[in-house]
Protein chains: 2
Amino acid sequence: MDIHAVNRMSYEEFLDVFGNIIEKCPLITAAVWSNHPFSSLNGIEERVYEFIDHLPPSGKEGILRCHPDLAGRELTSGSLTIESQQEQRQAGLTSLSTEERETLGLLNSQYKTKFGFPFVICAKMSDKYKIMEEMRSRLQNDPSQELLKGIEEVKKICHLRVQQLSNGVGLPTKL
Amino acid sequence: MDIHAVNRMSYEEFLDVFGNIIEKCPLITAAVWSNHPFSSLNGIEERVYEFIDHLPPSGKEGILRCHPDLAGRELTSGSLTIESQQEQRQAGLTSLSTEERETLGLLNSQYKTKFGFPFVICAKMSDKYKIMEEMRSRLQNDPSQELLKGIEEVKKICHLRVQQLSNGVGLPTKL
């Protein structure tokens with residue numbers, strides 16, 4: 001998919017394709033459409049990051065709260081978004097031992113109690129062992145550090161989702 | 001549902017219940033949770049409106065773009081959110097004559113071409129005749145007036161959705 005194809009899209013088509021580059025936040029994609037036409041796919045990402053950076057702390061926390069727990073209730077109930085499902089599978093989170101699932105559940109819970117938002121990490125760049133190590137380490141951070149760190153990870157996830165779309169993966173068949 | 005029950009919710013429960021008070025924008029509900037505990041349900045609404053008012057124009061346009069067309073493709077394909085489906089039904093938009101559907105389709109299309117976002121109206125406070133009259137009239141507005149008007153309607157829709165939740169309608173059965 002090249003940028004010319006993107007620039008020919010209506011906002012509805014743009015949302016169909018890019019609506020979940022920030023997990024469950026189509027509002028951000030829909031806002032960024034105001035800046036079209038775009039010079040490149042990177043240009044779209046930059047507008048997304050700018051929009052996020054200008055949100056108040058509550059808005060950034062809101063973005064994190066729209067993310068599912070790793071190996072949490074959405075994975076168990078099959079209600080993850082397609083993108084999250086794929087990312088959690090690639091990181092080995094769909095094939096945990098009972099002990100690993102319990103450990104991760106406990107860490108998720110401690111993390112949410114401390115910070116009021118879920119632990120977000122670019123799972124595709126990691127694996128279950130690194131993820132648990134990282135959770136233990138990030139649990140020591142203070143809330144403002146951790147908000148920054150979480151948003152950094154959101155941007156990494158967004159980058160990989162856009163890359164995947166630019167390779168034509170996950171595009172609606174009609175395009 | 002009283003405010004004490006709301007203040008006992010985890011952010012996940014809060015999102016389950018209030019996640020769609022702004023159509024397809026759980027980010028806003030999730031952001032507002034940062035202000036809990038709340039003094040009242042009105043207090044939740046006020047935080048929502050504040051959050052929206054502080055967004056840049058692109059963010060406000062983004063909110064409108066997350067709304068479905070009236071009697072549009074989502075209604076036809078059955079992919080409306082439960083709330084929108086109910087609102088469009090109450091306004092008589094699910095039982096249009098062929099001619100009415102065509103007229104509304106044309107008005108939707110003219111509106112989106114002019115403004116780059118869909119026509120949003122609190123359908124529950126209206127009916128199909130008033131809606132078409134209002135579309136014709138609002139098509140004459142300039143874009144900045146119309147952005148304000150659209151956001152006013154979003155707030156009215158939010159108010160009715162919160163009211164319905166406070167009456168216990170649409171609550172997940174587990175609560």
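Scroll up to find the structure.
Let us look at the structure shown here. Since the structure is predicted, the reported quantities are computational estimates derived from the model, not experimental observations.

Analysis parameters
Residues numbered from 1 in each chain as written. Chains lettered and ligands numbered in written order. Predicted model: local features only at pLDDT ≥ 70, side-chain atom pairs only at ≥ 80, totals over all residues. Heavy atoms only, no water. Helix = DSSP H or I, 4+ residues; strand = E, 2+ residues; numbered from the N terminus. Buried < 20%, exposed > 50% of the residue type's maximum accessible area, 1.4 Å probe, protein only. Polar contact = N/O pair within 3.5 Å; in protein donor to acceptor, adjacent residues only side chain to side chain. Contact = heavy atoms within 4.5 Å. Salt bridge = Lys/Arg side-chain N within 4 Å of Asp/Glu carboxyl O. Nonpolar A, V, L, I, M, F, W, Y, C, P; charged D, E, K, R; others polar.

Bringing the side chain of Arg161(A) into the picture now. Residue and element names in this part refer to chain A. By the element assignment, Arg 161 lies in helix α10 (residues 143-166). A residue is classified by how much of its surface remains accessible, and Arg 161, at 5% relative accessible area, is buried. Only 3.5 Å separates the side chain of Arg 161 from the side chain of Ser 84, close enough to count as a polar contact.

A word on the environment of Asp127(B). Residues and elements named next belong to chain B. Checked against the element boundaries, Asp 127 lands in the loop between α8 (98-115) and α9 (128-138). Residues Asp 127 and Arg 89, 38 residues apart in the sequence, show an inter-C-alpha distance of 9.7 Å. A distance of 2.9 Å separates the side chain of Asp 127 from the backbone nitrogen of Lys 130, its partner in a polar contact.

Quick look at the interface of chain B and chain A now. Taken residue by residue, the interface counts 29 residues in chain B and 30 residues in chain A. Here chain B and chain A share four salt bridges between them. Across the pair Lys112(A) and Glu12(B) runs a salt bridge, and its minimum N-O distance is 2.6 Å. Counting the contacts that link chain B with chain A gives 10 residue pairs in polar contact (both at pLDDT 80 or more). Elements supplying a minimum of two residues to the side of chain B that touches chain A: α2 (11-18), α3 (26-32) and α5 (57-65) of chain B. Looking at the side of chain B that touches chain A, the element that brings in the most residues is α5(B), giving six residues. Across the side of chain B that touches chain A, the residue classes tally to 16 nonpolar, five polar and eight charged.

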